[in-house]
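Reading the structure
The chain contents come next:
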Amino acid sequence: MGYEIPLRVDANQGWGFEEAITTLKALEPFNIQHCEEPLPRWAFMQLPEIRRQSPVRIMSDETCCDHNDVQRLIDLKACDLINIKLGKSGAFLKH
Ligand SMILES: [Mg+2]
C-alpha cells in the first residue's frame, strides 16, 4: 500500500555523514526515487562515500550552482543526479 506513489527526499544539507548513511539505509524499503543534498554543501568531498553506501540515489542541489560545480561533481562521482535551478545558477549563460 502506497508504494506506487513516487517519493523523493530533500535533506536540505541537514545531515552529518553518519546520520546520512543511517537514514538513507533506513529509507531503502520505501522505494525513494532520490535524496537531495544529504550533507552541508561544504562537505561535498564526503558525497562520493555517501553515494557509494547509499541505497538511495543522491541528487546535488546546493552543491551545484554552475558548470564548474557540475564538472567537480562528475569528477568526484559525487552524485547520481543534479537539480538545475535557473534562479540558483543565474541564467543559461554567464558573461
Ligand atoms: Mg533541494
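1. Examining the pairing of strand E1 (residues 7-10)
Across a regular strand the side chains alternate sides, sitting on one face of the sheet and then on the other. Relative to strand E2 (residues 32-36), E1 is paired through three bridges, and the arrangement is parallel. Looking at the pairing, Leu-7 lines up with Ile-32 of E2. Assessed by its sense of winding, the connection that carries the chain from E1 through helix H1 (residues 17-26) to E2 is right-handed.

2. Points about the sheet that holds strand E4 (residues 81-82)
Strand order in this open sheet of four strands is E1-E2-E3-E4, and the pairing throughout is parallel. The outermost strands of the open sheet, each flanked by one partner alone, are E1 and E4. With two bridges connecting them, strand E3 (residues 58-60) and E4 associate as parallel partners. Its bridge partner lying in E4, Met-59 is registered against Leu-81.

3. What to know about the coordination of the magnesium ion
Surrounding the magnesium ion are the protein donor atoms Asp-10 (OD), Glu-36 (OE) and Asp-61 (OD), which sit 1.9 to 2.3 Å from the metal. Along the chain, the residues donating to the magnesium ion fall in the pattern D-x25-E-x24-D. Here Asp-10, found in strand E1, pairs with Asp-61, found in the loop between E3 and helix H3 (67-76); they are 51 residues apart in sequence, far enough to count as distant. Its relative accessible area of 1% is what places Asp-61 among the buried residues.

Calculation rules
- Residues numbered from 1 in each chain as written.
- Predicted model: local features only at pLDDT ≥ 70, side-chain atom pairs only at ≥ 80, totals over all residues.
- Heavy atoms only, no water.
- Pairing = 2+ DSSP bridges.
- Helix = DSSP H or I, 4+ residues; strand = E, 2+ residues; numbered from the N terminus.
- Right-handed = clockwise from strand over helix to strand, strands pointing away.
- Donors = N, O, S within 2.8 Å, 3.2 Å for Na, K, Ca; no water.
- Buried < 20%, exposed > 50% of the residue type's maximum accessible area, 1.4 Å probe, protein only.

Bear in mind that shape data such as this cannot, by itself, settle questions of function.
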